[in-house]
Amino acid sequence: MEGQRVEVDGGIMEGGGQILRVSTALSCLLGLPLRVQKIRAGRSTPGLRSVCLLMQVSMPCVLFAASPSELRLKGGTNAEMAPQIDYTTMCTLLILGYYPKGGGEVVVRMSPVKQLDPINLTDRGSVTKIYGRAFVAGVLPLKVAKDMAAAAVRCIRKEIRDLYVSIQPLQESRDQAFGNGSGIIIVAETSTGCLFAGSSLGKRGVNADKVGIEAAEMLLANLRHGGTVDEYLQDQLIIFMALANGISRIKTGPVTLHTQTAIHFAEQLAKAKFTVKKSEEEEDASKDTYIIECEGIGMANPHL
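Along each chain, the written sequence defines residue order, and numbers are assigned to residues from 1. Residue-level local features of this predicted model are given only where pLDDT is at least 70; pairs of side-chain atoms are given and counted only at 80 or more, and the full residue set underlies all totals for whole chains, interfaces and linings. Side-chain numbers here rest on the full set of heavy atoms in the structure, without hydrogens or water.

If you check an unreviewed UniProt entry, the protein chain appears there as RNA 3'-terminal phosphate cyclase from Neotoma lepida. UniProt positions are given in the numbering used here, feature names are shortened, and annotations may be inferred rather than shown by experiment. Listed under Sequence similarities (unreviewed entry) in UniProt, the entry text for the protein chain is "Belongs to the RNA 3'-terminal cyclase family. Type 1 subfamily." Quoted verbatim from the Catalytic activity (unreviewed entry) field of UniProt, the annotation for the protein chain is "a 3'-end 3'-phospho-ribonucleotide-RNA + ATP = a 3'-end 2',3'-cyclophospho-ribonucleotide-RNA + AMP + diphosphate".

Colleague: Mind showing me how you'd approach helix H4 (residues 208-224) here?
Modeller: Residues that lie three or four places apart on an α-helix share one face, since the helix turns once every 3.6 residues. Given a rise of 1.5 Å per residue, 17 residues ought to cover 24 Å, and the 25 Å separating the end C-alpha atoms of H4 matches this to within 8%. All of the buried residues along H4 are Ala-208, Val-211, Gly-212, Ala-215, Ala-216, Met-218, Leu-219, Leu-220, Asn-222 and Leu-223. By definition in these notes, contact holds between two residues if any of their heavy atoms fall within 4.5 Å. Strands are runs of DSSP state E lasting at least two residues, helices are runs of H or I lasting at least four, and both sets are numbered from the N terminus onward. In this structure, the buried residues of H4 make contact with strand S7 (127-137), helix H3 (142-159), strand S10 (181-190), strand S11 (195-201) and helix H5 (231-236). Here a polar contact is taken to be a pair of N or O atoms separated by no more than 3.5 Å, where protein atoms must pair a possible hydrogen donor with a possible acceptor and residues adjacent in sequence count only if both atoms sit in side chains. Taking the backbone nitrogen of Asp-209 as reference, a side-chain oxygen 2.7 Å away marks Asn-207 as the first, capping residue of H4. What a helix is expected to span follows from its residue count: subtract one and scale by 1.5 Å. Relative accessibility decides the category of a residue: with a 1.4 Å probe and only protein chains considered, values under 20% of the type maximum give buried, values over 50% give exposed, and everything between is partly exposed.

Colleague: So what exactly am I meant to see when it comes to the side chain of Asn-301 here?
Modeller: Positionally, Asn-301 belongs in the segment after strand S14 (290-295). Excluding residues that lie within four positions of it along the chain, Asn-301 makes contacts with Leu-63, Phe-64, Ala-65, Pro-112, Val-113 and Lys-114.

Colleague: Please clarify how the packing of aromatic side chains should be interpreted in this entry.
Modeller: In this analysis, rings of Phe, Tyr and Trp, with Trp reduced to its six-membered ring, are considered paired at centre separations within 6.5 Å, and the interplanar angle assigns stacked below 30 degrees, edge-to-face beyond 60, and tilted for intermediate values. Following the criterion strictly, the structure yields zero aromatic pairs and no others. The rule for a charge over a ring is simple: NZ of Lys or CZ of Arg within 6 Å of the ring centre, and within 35 degrees of the ring normal. If you follow Lys-278 out to its NZ or CZ, it ends over the ring of Tyr-290, 5.6 Å from the centre.

Colleague: How should helix H1 (residues 17-30) be read in this particular structure?
Modeller: The end-to-end C-alpha separation of H1 is 20 Å, in line with the 20 Å expected for 14 residues at 1.5 Å each. Among the 14 residues of H1, eleven are classified as buried, and the element is accordingly described as predominantly covered. Gly-17, Gln-18, Ile-19, Leu-20, Arg-21, Val-22, Ser-23, Ala-25, Leu-26, Ser-27 and Leu-29 are the residues of H1 that are buried. Residue Gly-31 follows H1 closely and has a positive phi angle near 70°.

Colleague: When you look at the UniProt feature "binding site: ATP" (unreviewed entry) in the protein chain in this model, what are you seeing that I'm missing?
Modeller: When the UniProt feature table is mapped onto this chain, "binding site: ATP" (unreviewed entry) is found at Gln-56, Tyr-232, Leu-233, Gln-234, Asp-235 and Gln-236. The greatest C-alpha distance among the annotated residues, which extend across 181 residues, is 12.8 Å, indicating that they converge on a single site. Within the fold, Leu-233 resides in helix H5. Discounting residues that sit within four places of it in the chain, Gln-234 has contacts with Val-229, Ile-250, Thr-252, Gly-253, Pro-254, Val-255, Thr-256 and Thr-259.

Colleague: What's the story with the nonpolar core in this structure? I'm lost.
Modeller: Across soluble globular proteins, you tend to see nonpolar side chains buried next to one another. Only buried Ala, Val, Leu, Ile, Met, Phe, Trp, Tyr and Cys residues count toward a nonpolar core, and they belong to the same one when joined by side-chain atoms within 4.5 Å. Counting residues in each nonpolar core, the largest one holds 43 residues, and the members touching the most others are Leu-26, Ile-238, Met-241, Leu-243, Phe-274 and Ile-292. Within the residue set of this core, elements represented by two or more residues are strand S1 (6-9), H1, helix H2 (51-63), strand S3 (69-75), strand S5 (104-110), helix H6 (238-243), helix H7 (257-270) and S14. When near neighbours in sequence (up to four residues on either side) are disregarded, Ile-292 contacts Ile-238, Met-241, Ser-248, Arg-249, Ile-250, Thr-252, Val-255, Thr-259, Ile-263, Phe-274, Thr-275 and Val-276. Core analysis: the next-biggest nonpolar cluster, separate from the first, contains 26 residues, Ala-149, Ala-152, Ile-186 and Val-211 among them.

Colleague: How should I be thinking about the sheet that holds strand S12 (residues 247-252) in this particular structure?
Modeller: Working definition: the strands of a sheet are paired by backbone hydrogen bonds and lie parallel or antiparallel to each other. Between any two strands, at least two bridges found by DSSP are needed for them to pair. Strand order across the open sheet formed by four strands is S6-S12-S14-S13, with mixed pairing between neighbours. Each of the sheet's edge strands pairs with one partner strand only, and the pair in question is strand S6 (120-121) and strand S13 (273-278). Across six bridges, S12 lies against S14 in antiparallel orientation. Counterpart to Arg-249 in the pairing with S14 is Glu-293.

Colleague: When you look at the pattern of salt bridges in this model, what are you seeing that I'm missing?
Modeller: Opposite charge on two side chains permits pairing when their charged atoms draw close. A pairing counts as a salt bridge when a side-chain nitrogen of Lys or Arg comes within 4 Å of a carboxyl oxygen of Asp or Glu. Under the definition given, this model contains twelve salt bridges. A salt bridge links Asp-147 to Lys-143; the nearest nitrogen and oxygen atoms lie 2.7 Å apart. Of the two residues, Asp-147 and Lys-143 both sit in helix H3, four residues apart, roughly one turn of that helix. Of the residues examined, Asp-147 reaches a relative accessible area of 24% and is grouped as partly exposed. Salt bridges sharing common partners tie together Lys-251, Glu-281, Glu-283 and Asp-284.

Colleague: Explanation requested: the sheet that holds strand S8 (residues 165-171) in the structure shown.
Modeller: In space, the four strands of this open sheet follow the order S8-S7-S10-S11, with mixed pairing throughout. Each having just a single partner strand, S8 and S11 make up the two edges of the open sheet. Ignoring strand direction, the axes of neighbouring strands in this sheet form an average angle of 15°. Looking at chain direction, S7 and S8 are connected through seven bridges and run parallel. Its bridge partner being in S8, Ala-134 is matched across the sheet by Pro-169. Between N-to-C directions, angles cover 0 to 180 degrees, with each direction set by a line fitted to C-alpha atoms, over the stretch in contact for helices. Contacts from H4 reach S7, S10 and S11, with the element oriented near 155° to S11.

Colleague: I keep staring at unusual backbone geometry and nothing clicks. Help me out?
Modeller: If a residue is not glycine, its phi is most likely negative; likewise, a peptide bond is most likely trans. Even without being a glycine, Lys-271 presents a positive backbone phi close to 65°. Inspection of the secondary structure assignment puts Lys-271 in the loop between H7 and S13.

Colleague: Explain the side chain of Glu-172 here, please?
Modeller: Considering the arrangement of structural elements, one finds Glu-172 in the loop between S8 and strand S9 (177-178). Among the polar contacts made by the side chain of Glu-172, one reaches the side chain of Arg-133 at a distance of 2.9 Å.

So, in structure tokens, the structure goes:
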């Protein structure tokens, strides 16, 4: 396969940065010359943006590097149409950037591995904790964060009454934040260690209560489907499942177009084998729940 250039149409399926992220990472790891055409061609702003999405390209690559790596990624850390940096807990935050201005910086330190073990995430357990943070930066008052948090808690309480919900309002310090902005992220943790999140960013002219409720409703939707991962983590795991040494299984809610796209290119480029089928467990009979299974290629780090 090495030496033969792979041509990829960046406009098919999800038609966005997902195609480039998965293809570029696999191209780098497998030594496949790659050409991607029409990147994000169907989007209102073609091309690439956002720190967290750059991390998705680089993390699989540095895991198979010869030595520990430090990445310094600059751009929007809390941006629309991308996971917020708060969602990605393995990072050391330096300077936060906020939608719509951007300008943040993230430092990621990772050590290489010999091989990736397969994952088996099929038992969700029960929700044991719900916590989060509502934040404002720049000239916005702390009251905006408090209003977002209070509205989110009220919304969650309507559906989950037996758990304490702790959402901390925060004012980011002037020297740690770039620009004005606000947002909220709420995480639910289960007895088996599964994590689900809902998040939203404040926008000019949008009531703070509405932002809090949007994040809460996203979290509740992710808890209703019975899967073990939320809609964001679902597609991010695909490339690691493809590279792992053995069979990985995850239980999900509705399979997103981002996930279908990641699977398509992981099969095309890495030759990993995926199956997606409806969960046959009794508890999932009335839910839109699926099992994604992958026989990974057992990628080995040649440097270790």
